[in-house]
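Below are the chains, spelled out letter by letter.
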Amino acid sequence: SYMEQYTDKTKFFTLFFLLAVERLLMVIKTADRPATIIMTPAAIVALAGLWLGVATLFRPITLYLPAVLVVFWLGYRFLSKQPRHYGWAVLFFVCSLLPILPWLVRNYAVFGAFSYSASKDSVLYTALAPSVLSIKEHRPYHDRQLALFASDGYDDLPDFNIAEAPRFRRRVYDILKSNPL
């Protein structure tokens, strides 16, 4: 059934995410050790970033993970009074973007959206905008969601793609501006 497939997929993505975070933290921790004959600490950090970028191409669940890891990494080092290694944080972040950068440039050239996917915009349109409207109008969420779709000419959940993402984003921003909470 659909629910079984969804549950299996969710378990897989959760496991993938946890293993990816664990492996990256272990790799970054080894960067504090002295250089070896095989790799320098900077090379270890760069490879960890590249590995995360390649993982993002296969599992987009890790898309925002590089930025989150850099913030946690610097925060941890600040709180533990260790050297910050800002250069390594930048190196990690830049290397994690390198594998997905061609995809971002391609989407901008083809669709006019410098974006990896349309999922952010679909969540804004299908969840946030109806939530704001249902709170403002004191109507059930699902009723307001269907009314929003109908007002935009959709019988049901619209098909989202990157080409349509800017239009959905503008629609949500218009709704948020005209309905402040």
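Rules behind the numbers
- Residues numbered from 1 in each chain as written.
- Predicted model: local features only at pLDDT ≥ 70, side-chain atom pairs only at ≥ 80, totals over all residues.
- Heavy atoms only, no water.
- Helix = DSSP H or I, 4+ residues; strand = E, 2+ residues; numbered from the N terminus.
- Buried < 20%, exposed > 50% of the residue type's maximum accessible area, 1.4 Å probe, protein only.
- Contact = heavy atoms within 4.5 Å.
- Areas by Shrake-Rupley, 256 points an atom, 1.4 Å probe, with all protein chains shown as cover.
- Core = buried A, V, L, I, M, F, W, Y, C linked by side-chain atoms within 4.5 Å.
- Salt bridge = Lys/Arg side-chain N within 4 Å of Asp/Glu carboxyl O.

> Sorry if this is basic, but what is going on with the overall build of the chain here?
Helices and strands together make up the secondary structure of the chain, namely eight helices and zero strands. Written out in order from the N terminus, the α and β elements of the chain read α-α-α-α-α-α-α-α. A buried classification covers 32% of the 181 residues belonging to the chain. Within the chain, contacts between residues at least 6 apart in sequence are counted, and of these 58% link residues at least 24 apart. Summed over all atoms, the accessible surface of the chain reaches about 11,600 Å², with 68% contributed by carbon and sulfur.

> Got a minute to help me understand the nonpolar core in this structure?
Nonpolar side chains in soluble globular proteins tend to be buried together. Formed by Val-21, Val-45, Ala-48, Leu-52, Leu-65, Leu-69, Val-70, Trp-73, Leu-74, Trp-88, Ala-89 and Phe-92, the largest nonpolar core amounts to 12 residues. Of all the secondary-structure elements, those providing two or more residues to this core are helix H2 (41-58), helix H3 (65-79) and helix H4 (86-97). Counting residues per element, this core draws most heavily on H3, at five residues. Membership of the second largest hydrophobic core comes to nine residues, among which are Leu-124, Phe-149, Phe-168 and Ile-175.

> Help me understand the pattern of salt bridges, please; the structure alone is not making it clear to me.
It is possible for side chains of opposite charge to pair when their charged atoms get near one another. A complete count under the given rule lists three salt bridges for this structure. Between Glu-137 and Arg-139 there is a salt bridge, and its shortest N-O distance comes to 3.5 Å. Looking at Glu-137, the relative accessible area reads 34%, which means it is partly exposed. Here Glu-137 makes a salt bridge to Arg-144, at a shortest N to O gap of 2.8 Å. With a relative accessible area of 12%, Arg-144 lands in the buried category. The network of salt bridges with common partners includes Glu-137, Arg-139 and Arg-144.

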